[in-house]
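Observations on chain architecture
Chain by chain, the residues run as shown.
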Amino acid sequence: MFKLENDPVCDAVGEKLKRLGVDGVFFDLDDTLIYTSEIFIQCMQEYAEEVAEKIGVGEDRIMGALQPINDEEHKKMGVNPKRWAVVVEKLAKEFEGSESEIVENLDMLMRIYSIVPRMREGAKVALEVLKKAKVKMVLVTHANVEWTNFKLDSLGLWNYFETVVIVDENGHKKSIDWKRGMDAMEIAPERCLVVGDSLSGDIKPGDELGSRTIYMPSPWAVYREGEVPERTVVINEIGEFLAALDKLR
């Protein structure tokens, strides 16, 4: 188990949250606590390189077409892994005569769901501090159930959270999904802190409920669309989470 040498830090964090009236911290998972986007990018680049070589075009042409198609299908199908079959079919239509090479390499994209992600720098420290401070933590993640279980099992994260809410992979996270976790813990939204990388799926829903929010902008542009709520604290990395508590009002 991860050990903290400075236990007074835990006491200070617990007192700080108590003064703020925060009884529970609600985390998003992908690209908040773990590096998920880098796995997508890695597999997409490997796929683009393989296909480009087979059909005799530049890798940048494949990636240039693949990314917007994926973004569009994400809006329609959420994070369901089945969307990749639709993505490659649409990609194939843009490269006439190379349909088979594009579609037959689908398995390279599906590798995304078998690679163990890395913890984001500082994430384990933040979780351990909150756990030692006896702060209730809840995970609200928008993903395939099997894939979520794989990530939590592989990284040993189950024991940090009182409750794990897995939002339907075919939709998108809304305030009602965060409220499910809050209701399960019997904590009023205004006494919660929501932490995530998506404006539309994490921060705005939390703010609408009356919760405090900490936002770490996602690497994906689709998750950065919109205005940041006025009282949201913005950080660049989850390692800044503990320091960000001082900025909450």
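Described in the following lines is the structure provided in the data block. Since this is a predicted model, take the numbers as computed values, not measurements.

**Remarks on the pattern of salt bridges**
Tallied over the entire structure, the rule returns 17 salt bridges. The salt bridge partner of Asp-23 is Arg-191, with a shortest N-O separation of 2.5 Å. With Asp-23 in the loop between α1 (7–20) and β1 (24–27) and Arg-191 in the loop between α9 (175–185) and β6 (192–196), this residue pair connects regions lying 168 residues apart in the sequence. Take Asp-23: its relative accessible area is 35%, and that puts it in the partly exposed class. With relative accessibility at 35%, the residue Arg-191 sits in the partly exposed group. In this structure, Asp-177 engages Arg-180 in a salt bridge whose closest nitrogen and oxygen atoms are separated by 4.0 Å. Remark: Arg-180 and Asp-177 occur in helix α9; sequence separation between them is 3 residues, near one turn of the helix.

**Some words on the pairing of strand β5 (residues 163–167)**
It is a general feature of regular strands that their side chains alternate between the two faces of the sheet. Side chains of β5 alternate between two faces, with Thr-163, Val-165 and Val-167 buried and Val-164 and Ile-166 left unburied. In the sheet, strand β4 (residues 136–142) pairs with β5 via 5 bridges, with the strands oriented parallel. Along β5, the bridge assignment pairs Val-138 with Thr-163. Read from β4 through helix α8 (residues 145–155) to β5, the crossover connection turns out right-handed.

About the criteria used
- Residues numbered from 1 in each chain as written.
- Predicted model: local features only at pLDDT ≥ 70, side-chain atom pairs only at ≥ 80, totals over all residues.
- Heavy atoms only, no water.
- Salt bridge = Lys/Arg side-chain N within 4 Å of Asp/Glu carboxyl O.
- Helix = DSSP H or I, 4+ residues; strand = E, 2+ residues; numbered from the N terminus.
- Buried < 20%, exposed > 50% of the residue type's maximum accessible area, 1.4 Å probe, protein only.
- Pairing = 2+ DSSP bridges.
- Right-handed = clockwise from strand over helix to strand, strands pointing away.

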